[in-house]
Every structure is written in structure tokens, then in C-alpha cells.
Amino acid sequence: MSMKKFKFILKMAVGAPSKPRVEVGEEVKRGQCIAEPISLGCKIHSSINGVVKKVTDSYIEIQQMEENLKDYLKIKECENISEYAYEAGIVGSGGAGFPSHIKLSTKLNGGYVLANAAECEPILSHNVELMEQNPEILVKGVKYAMESTGASKGYIAIKPHHRKAAMALGKVLKNYENIEIKWLPNMYPAGDERVIVREVLGVELQPGELPSKADAVVFNVETLKNLVLAIEDRKPVIDKDLTVGGRIVNAEKGKVFLDVPIGASVKEYIEKSGGYIFPHGEIVAGGPFTGKAITEDSPITKTTGGILVAMPFPNDKRKVGIIACECGADEKRLTEIAHGMGGEVIAETRCKRMVEVNGRYRCDKPGICPGQAEKVLFLKRQGAEVIITGTCEDWTNTVMTVAPRLGVPVYHSTDHVLRGARHKIYRSKKK
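Our next topic: the overall build of the protein chain. A tally of regular secondary structure across the protein chain gives 12 helices and 22 strands. The C-alpha atoms of the protein chain give a radius of gyration of 22 Å, which matches the 22 Å a tight globule of 431 residues would have. Across its three principal directions, the C-alpha atoms of the protein chain cover 65 × 55 × 40 Å. When each of the 431 residues of the protein chain is scored for burial, the buried share is 56%. Within the protein chain, contacts between residues separated by at least 24 positions form 69% of all contacts whose residues are at least 6 apart in sequence. Here the protein chain has roughly 18400 Å² of accessible surface; of this, 47% comes from carbon and sulfur atoms. Charged side chains in the protein chain number 61 positive and 53 negative. The centres of these two groups are separated by 5 Å.

Put into C-alpha cells, the structure is as follows:
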């Protein structure tokens, strides 16, 4: 039987790519460490039993030898919780990829552990399904994180419309002290760390400030699941939960796969979901707002949350002005979309909430969107015949209503992805 090849990207976390510790021709076991961090970064483990076929500066390719995806080599017994996270290679599973052992080493001395259960991006639903099926693993993860950081209180931040998950969590929480549910507003980006801190703790962090400024740390649902598995089962991060959706036969509105082996190809899970609906457009890794375009040969990584197949780009060759957003699509992504449509970008600007902090633009009040009339007028003066915006949620009335009144049609960066999943598209806030 022909066995598949798995590709393990060496940069699966914030920081430098990890350094390979295997050679071509070497046999490896599922759970074996195949790369280690140089400084900031994470350990990477094989998700399969196989033979190393290629080692480069950016990835390791392993050919699978047997389809055993249950057994694995266990990580060593550790002295503390943050060490378990390091040995297991745990990083932020929601997309940021920050090494979790660093957060778990934070000393809060009576602060807060916040679980990000927002499942904020449209279409994605794997975190919600995990909470519905196994709420206790999330609550245990919060407990371990509290123990590691010295936090006195844990909060699970979730949107009220995830009712089934919230009810399942509520039943488990009856057996735990000092952990409770907190409600988030039903908007994007409710899952932003600063939004969670603001909504749960009432603390307004300034751009660039970390949750530790509010005596808090924030962890994604799946990150906490991985922490429990590392401590209780000594399991490294070798599997990933994800949502497949969009222009796919049996998964238009989203199909969840739990415990997918890292390194598997995107194409495999599109095929497992029924294959493409034609015509289709690009494949997006992540959510509609912050996802990146990939190919079907791209591998699943520790931060892959979604595999979304979009509608084809509309054909619009007019001159384009773009409005970038720190919470959504940036200039690079908006330009990519404009080119996909056949347009030419002639002017760029940013949401007026964006401020520069240490050489990077950040939103000063994520989720509280301002009017953008002056930005629309600026782009029109530069000769823009159409605008593509990446602004968050549907609150920017002046982009979506004022611009067309000025004779400038507007596209949102999420339109083609959301249409692929037959999801509502984002336009103006309904009062």
C-alpha cells in the first residue's frame, strides 16, 4: 500500500524556525521530537511512524510507514506545568502561535486565567464542538493554568449564542471553585486578547500592552486541551482540530475534524469532506478575516484553524483603493485580493483606529469601529473607482453606505470566502 508523505513546517510558532534533529533516511516514531527551538519557538514532533525523506531549512518531509495514529512516544515526566508545555511543544492554537510555556511561567499572584472560547471567526466551529463534546478538558486546562501562574480566578469567555457549549461547561463548573463563565459580545473581534480583557475584567489595555498588565493571561480553548493532554497523558502536540468549509461538497457551512495529524496535506481533508464544488476560488487557511491564501498541497500546522474554499474572485478591473485593519486584512492581503480580481491598487490607507507602536500598527480600540468618511474621501480623491476594505465586523457604516453614495462601490476582504460558505456578508451595522 502506498503511504502518504507528511510535511512539518519548521516555523510553527512565534520566533525563529526550529532546528531539525533528524536526518534523511532515519526512521521516526509518532510523538518523536524531530526539531527543537533555537530560542523563542517550539519543539516539533512527528505525528506519524515513518522515514525521513527530506530535511530543509524550512521543513521536514516524512513518508508514513504505517497508519497507526493512536500510539505515540510520550514526553518525559516534568517537574512543573510550564515544563510540560515546553516539552510537548504547545503554542497558541488560535493562530498566534505564541509558545505557551512562557505564558505559563507568568507569576500572577492572585490574577486571572482567561480562556478564549469566543470562536470568533465566521464558519469556524471546532472549538465549540470540542466544548460540547468534552467540556471538562477545557475546565481542567484552566485549572492547570491557574496552578502554574498562581491565578486566583479563572474565566471562560464565550458568546451567548454558543448555548449548547455554555450549558455543557456550566454542568462541569459545578464541581470547580473559582472558575466561571463570562459572556462576550456577539461581534468580531470578540476573541482579541484586549477585547477579552476589556469585556471580562473591565480593563482597557493600551495598544501594545499585554494581558499581564491586567494581571491576566489568555489561552485559546485548544491550547488548554493540549496542556491537559501533555500533563495527564504526556502527549506532545501532534494532532490539530480544524474546520473545513466553503466550496466543498459536504462541508459548505463547516465540517469539524478533531485530532487531525499535523503535517497532513490540506487536499486530503478537502477530499475527505467530499471534494470541491465548481467553480471555486482560493483556499484560505484560518478564518475569513485573518486567514491567508494557501495551496491544496500546504500542510496542516499547529496553528491551522480552518481550511476554507472560497468563491472565485469577482472580475473587476477598476482602480482600487484599500483600507487596512489591524483586526482584519492588512495591506498585503488586500492587495492580493485586488490583483485576484484583476484590479490595480492606486491608493492605500488604514482604519483611523490604527496607531503605530514600536514599528507596528495596532488598533487602539478593537471591536469599537469608527466612521471612515475621511478615508473614503481620501481614496476617491486619489482616483479610486472601487474600495476593498478589511475592517472588522459590519460596523463601519461610512465605508459600506457613504462610499456607494459617492459612486465608489465597496468589497470586503471576506466576501468571497463567506459567499463560498453561504454565510452572510459584512456590510453596515443594523440598528
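Now, onward.
Our next topic: the environment of Gly 31. Within the fold, Gly 31 resides in the loop between β3 (27-28) and β4 (33-36). Spatially, the C-alpha atom of Gly 31 lies 6.7 Å from that of Ile 238, the residues being 207 residues apart in sequence. Excluding residues that lie within four positions of it along the chain, Gly 31 makes contacts with His 45, Ser 46, Tyr 72, Leu 73, Pro 236 and Ile 238.

Turning next to the sheet that holds β4. Sheet architecture is open: 3 strands sit in the order β2-β4-β5, paired in antiparallel fashion. Every other strand in the sheet has two partners, leaving β2 (19-20) and β5 (44-45) as the edge strands with one partner each.

What follows concerns the environment of Leu 184. In this fold, Leu 184 is placed in the loop between β10 (179-183) and α6 (193-201). A relative accessible area of 3% means that Leu 184 is categorised as buried. For the pair formed by Leu 184 and Thr 391, sequence separation is 207 residues and the distance between their alpha carbons is 20 Å. With residues near it in sequence (within four places) discarded, Leu 184 still touches Ala 118, Ala 157, Ile 158, Lys 159, Pro 160, Ala 190, Ile 196, Glu 199 and Val 200.

Our focus in this paragraph is α6. Those residues of α6 not exposed but buried are Arg 194, Val 195, Ile 196, Val 197, Arg 198 and Val 200. Contact partners of the buried residues in α6: β8 (112-116), β9 (153-158), β10, β11 (216-220) and β20 (360-363). With a side-chain oxygen positioned 2.8 Å from the backbone nitrogen of Arg 194, the residue opening α6 is Asp 192. Of the residues one or two after α6, Gly 202 is the one with positive phi, at around 75°.

Let us look at the pattern of salt bridges. The final tally for this structure, using the stated rule, is 28 salt bridges. Ionic pairing is found between Glu 87 and Lys 43, a salt bridge with its closest N-O pair at 2.8 Å. Highlighted residues: Glu 87 in helix α1 (residues 81-88) and Lys 43 in the loop between β4 and β5, separated in sequence by 44 residues. Here the two residues Glu 87 and Lys 43 agree in accessibility, since each one is buried. With its nearest N and O atoms 3.1 Å apart, the salt bridge here joins Glu 326 to Arg 360. In this pair, Glu 326 is assigned in the loop between β17 (319-324) and α9 (331-341) and Arg 360 in strand β20, connecting sequence segments 34 residues apart. Here Glu 326 falls in the partly exposed class, since its relative accessible area comes to 24%. One continuous salt-bridge network, built from bridges that share partners, spans Arg 21, Glu 36, Lys 43, Lys 76, Glu 83 and Glu 87.

Moving on to unusual backbone geometry. For the bond from Tyr 188 to Pro 189, the omega torsion is 10°, close enough to zero to count as cis. Topologically, Pro 189 is positioned in the loop between β10 and α6. Pro 279 follows Phe 278 through a cis peptide bond whose omega is -5°. Its location among the elements puts Pro 279 in the loop between α8 (266-272) and β14 (283-285). The backbone phi angle of Glu 119 is positive, close to 40°, even though this residue is not glycine. Inspection of the secondary structure puts Glu 119 in the loop between β8 and α3 (126-133).

Our focus in this paragraph is the environment of Glu 67. Mapped onto the elements of the fold, Glu 67 is located in the loop between β7 (59-66) and α1. For Glu 67 and Lys 4, which are 63 residues apart along the polypeptide, the C-alpha to C-alpha distance reads 9.5 Å.

For the structure on display, the rule yields 5 aromatic pairs. Ring centres 5.2 Å apart and planes at 50° place the aromatic pair Phe 289 and Tyr 426 in the tilted group. A residue pair is termed long-range when its members are at least 10 positions apart, and Phe 289 in the loop between β14 and β15 (292-294) and Tyr 426 in the segment after α12 (415-420) qualify at 137 residues. We note that Phe 289, like Tyr 426, is buried. Members of the aromatic cluster, joined through ring pairs, are Tyr 188, Phe 289 and Tyr 426. Stacked on the ring of Phe 219, the Lys or Arg Lys 103 has its end atom at 5.4 Å from the ring centre. The aromatic ring of Tyr 361 is capped on one face by Arg 350, whose charged end is 3.7 Å from the ring centroid.

Let's shift gears to the nonpolar core. Ranked by size, the top nonpolar core spans 75 residues in total, and within it Met 131, Leu 138, Val 142, Ile 156, Leu 227 and Ile 307 carry the most contacts. In this structure, Leu 114, Cys 363, Val 417 and Ala 421 belong to the second largest nonpolar core, which totals 30 residues.

Calculation rules
Residues numbered from 1 in each chain as written. Predicted model: local features only at pLDDT ≥ 70, side-chain atom pairs only at ≥ 80, totals over all residues. Heavy atoms only, no water. Helix = DSSP H or I, 4+ residues; strand = E, 2+ residues; numbered from the N terminus. Rg over C-alpha atoms; globule rule 2.2 N^0.38 Å. Buried < 20%, exposed > 50% of the residue type's maximum accessible area, 1.4 Å probe, protein only. Contact = heavy atoms within 4.5 Å. Areas by Shrake-Rupley, 256 points an atom, 1.4 Å probe, with all protein chains shown as cover. Lys, Arg positive; Asp, Glu negative; His and termini not counted. Charge placed at Lys NZ, Arg CZ, Asp CG, Glu CD. Pairing = 2+ DSSP bridges. Polar contact = N/O pair within 3.5 Å; in protein donor to acceptor, adjacent residues only side chain to side chain. Salt bridge = Lys/Arg side-chain N within 4 Å of Asp/Glu carboxyl O. Phe/Tyr/Trp six-rings, centres within 6.5 Å; stacked < 30°, edge-to-face > 60°. Lys NZ or Arg CZ within 6 Å of the ring centre and 35° of its normal. Core = buried A, V, L, I, M, F, W, Y, C linked by side-chain atoms within 4.5 Å.

This is a description of form; function is not addressed.
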